[in-house]
Structure formats: structure tokens, C-alpha cells
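# Residue-level structure breakdown
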Amino acid sequence: DAGVTQSPTHLIKTRGQQVTLRCSPKSGHDTVSWYQQALGQGPQFIFQYYEEEERQRGNFPDRFSGHQFPNYSSELNVNALLLGDSALYLCASSSPPWTDYEQYFGPGTRLTVT
Amino acid sequence: GESVGLHLPTLSVQEGDNSIINCAYSNSASDYFIWYKQESGKGPQFIIDIRSNMDKRQGQRVTVLLNKTVKHLSLQIAATQPGDSAVYFCAEAISGGADGLTFGKGTHLIIQP
């Protein structure tokens, strides 16, 4: 049973560029949440996707956008990269009714913006 | 905004001793709390959870205590092993909500041989 997978593992981008990160949820899950984890900090909620729509969003600018595909996989896009966007981006999967928040996290994508 | 925080950034314990990691939360609407373990280079791994209608829950070698009066959460690890070395995060959520988990900054647990 495959867990949550993310790609790529590491990524280096230049300030101002755009980046796309990918996530495949755990088998049987249909909800994907994205988190940003700065070095030495706890993860911060970016947004959650369910039924191909953004269900809720954290306190992140519009430069952060996402998409969910019919197979439940998801992409996180970040435009106009800033140095402060350097972080570990985590994807977590779950399923309704979401009363149980045992979200399963992937290994993350380490983004470095230079 | 309201957030979950931890009292100590680093905790060093002797192998075989019990570890206690503390966490304070401030959102009184939160009714679901989770402890995660994160090892270097990996995503957070679920350890144990507790709902606000409980004050204690036990797992294998771990116990979570919830004190709603003072908005305090703790994780107790019995007979700490080298493999317990990691950063531990507490997180809070509102059941059924879509705001995601709110994490604290984490406590780095170091096991001394």
C-alpha cells in the first residue's frame, strides 16, 4: 500500500521564477492538504483540496495556487518566488468526514530559492 | 492569530528514562489534538491523538494528557529509546473543519546513551 508520495525531492529555483510541486495521496484517500515548513518551524497550512476544489485556505498569498486532478493527485504552484519561500513543502492526505485528522504526510519537497 | 506553542525547544534525556514533552494551545475552539514525530528528512509521522472529551489516552509506550482548564497538552514517552530521537510537534484542529492542522514549533528530543 503506497503512502503519500511527492516529487521532486529537492528543487533549486531563482527568485522570480515559478515552481510546481506534485503529490499523490495515500491509496484510498481523496483529500490533499499542503503545508509549508520553514527550517526550525512547525508546518503551516496552505490549503486543502477535495473533489478538485480548494476547500479551505490558510494565510498565504495568491502566489500560492493549487490543483487537484480526478485521480486525487495534486499540484502546488508558487509564482514569483521569493527568498522567503525556501522551505520544505509537505503534502498530507486524508478522507471525509475529516472528523479524524490522522493525516498522512509525505516526505516533502525541499525548495531552495536563490 | 492563535497558535499552538511548545515550552521547550530541546529536551535531552537518558536512554531508558521517561520523556515528557509539553505544549500549550490557545484556540479554545480546538477539539482535536495530535502529536507528530518528525525525523530528519522525513514528513511528520502520527503518534497519538486525543479529543477534547478525554483527558488521557494511552498508546504503545506513549501517553497524551490534555488539560483543557489551562489549555495544556503533554506527550509522555516511556523507556525512551535511541529511535525516539526526533522533533515532536503538537497540533490542534477543529473536528470537521477545513482549516487544516495548526502546528507548534516543535521540541527536539535528544537521547543520551
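Going by the structure above, here's the rest.
Okay, so let's go over this structure. (Residues numbered from 1 in each chain as written. Chains lettered and ligands numbered in written order. Predicted model: local features only at pLDDT ≥ 70, side-chain atom pairs only at ≥ 80, totals over all residues. Heavy atoms only, no water.)

## A look at the overall build of chain B
Helix and strand content of chain B: zero helices and eleven strands. Seen in sequence order, chain B has helices and strands lined up from the N terminus as β-β-β-β-β-β-β-β-β-β-β. Over its C-alpha atoms chain B spans a radius of gyration of 13 Å, differing by no more than 12% from the 13 Å that the globule rule assigns to 113 residues. By its C-alpha atoms, chain B is 40 × 30 × 20 Å across when sized along the principal axes. Buried positions account for 43% of the 113 residues belonging to chain B. Long-range contacts, defined here as pairs at least 24 residues apart, represent 55% of the contacts in chain B between residues at least 6 apart. Looking at chain B as shown, the accessible area adds up to about 5,400 Å², and 47% of this sits on carbon and sulfur atoms. In chain B, the 9 positive side-chain charges and the 10 negative ones have mean positions that sit 2 Å from each other. (Helix = DSSP H or I, 4+ residues; strand = E, 2+ residues; numbered from the N terminus. Rg over C-alpha atoms; globule rule 2.2 N^0.38 Å. Buried < 20%, exposed > 50% of the residue type's maximum accessible area, 1.4 Å probe, protein only. Contact = heavy atoms within 4.5 Å. Areas by Shrake-Rupley, 256 points an atom, 1.4 Å probe, with all protein chains shown as cover. Lys, Arg positive; Asp, Glu negative; His and termini not counted. Charge placed at Lys NZ, Arg CZ, Asp CG, Glu CD.)

## Looking at the packing of aromatic side chains
This model, assessed by the stated rule, comprises eleven aromatic pairs over all chains. The interplanar angle of 50° and the centroid separation of 4.5 Å between the aromatic rings of Tyr25(B) and Phe33(B) together place this pair among those described as tilted. Judged by relative accessible area, Tyr25(B) falls into the buried class, the value being 9%. Its relative accessible area of 2% is what places Phe33(B) among the buried residues. Ring geometry for Tyr36(B) versus Phe103(B): centroids 5.6 Å apart, planes at 40°, classification tilted. Here Tyr36(B) is found in strand E4 (residues 32-38), whereas its partner Phe103(B) is found in strand E10 (residues 102-103), with 67 residues between them in sequence. As far as burial versus exposure is concerned, Tyr36(B) and Phe103(B) are alike and both buried. An aromatic cluster is present here, built from Tyr35(A), Phe45(A), Phe105(A), Tyr36(B), Phe46(B), Phe89(B) and Phe103(B) joined pairwise through their rings. (Phe/Tyr/Trp six-rings, centres within 6.5 Å; stacked < 30°, edge-to-face > 60°.)

## A word on unusual backbone geometry
All names here are of chain A. With omega at -10°, the peptide bond leading from serine 7 into proline 8 counts as cis. Looking at the element boundaries, proline 8 is found in the loop between strand E1 (5-7) and strand E2 (10-13). Here the phi dihedral of glutamate 52 falls at roughly 65°; this positive angle occurs in a residue that is not glycine. By the element assignment, glutamate 52 lies in the loop between strand E5 (44-50) and strand E6 (53-57). Its relative accessible area of 42% is what places glutamate 52 among the partly exposed residues.

## Some details on the interface of chain A and chain B
The interface is formed by 22 residues belonging to chain A together with 24 residues belonging to chain B. Of the roughly 1,700 Å² buried at the junction of chain A and chain B (both faces included), carbon and sulfur atoms supply 55%. Our count for the chain A to chain B interface comes out at zero salt bridges. Contributions of two or more residues to the side of chain A that touches chain B are made by strand E4 (31-37), E5, E6 and strand E9 (87-94) of chain A. For the side of chain A that touches chain B, the residue count by class is ten nonpolar, nine polar and three charged. (Buried area = accessible area lost by both parts, 1.4 Å probe. Salt bridge = Lys/Arg side-chain N within 4 Å of Asp/Glu carboxyl O. Nonpolar A, V, L, I, M, F, W, Y, C, P; charged D, E, K, R; others polar.)

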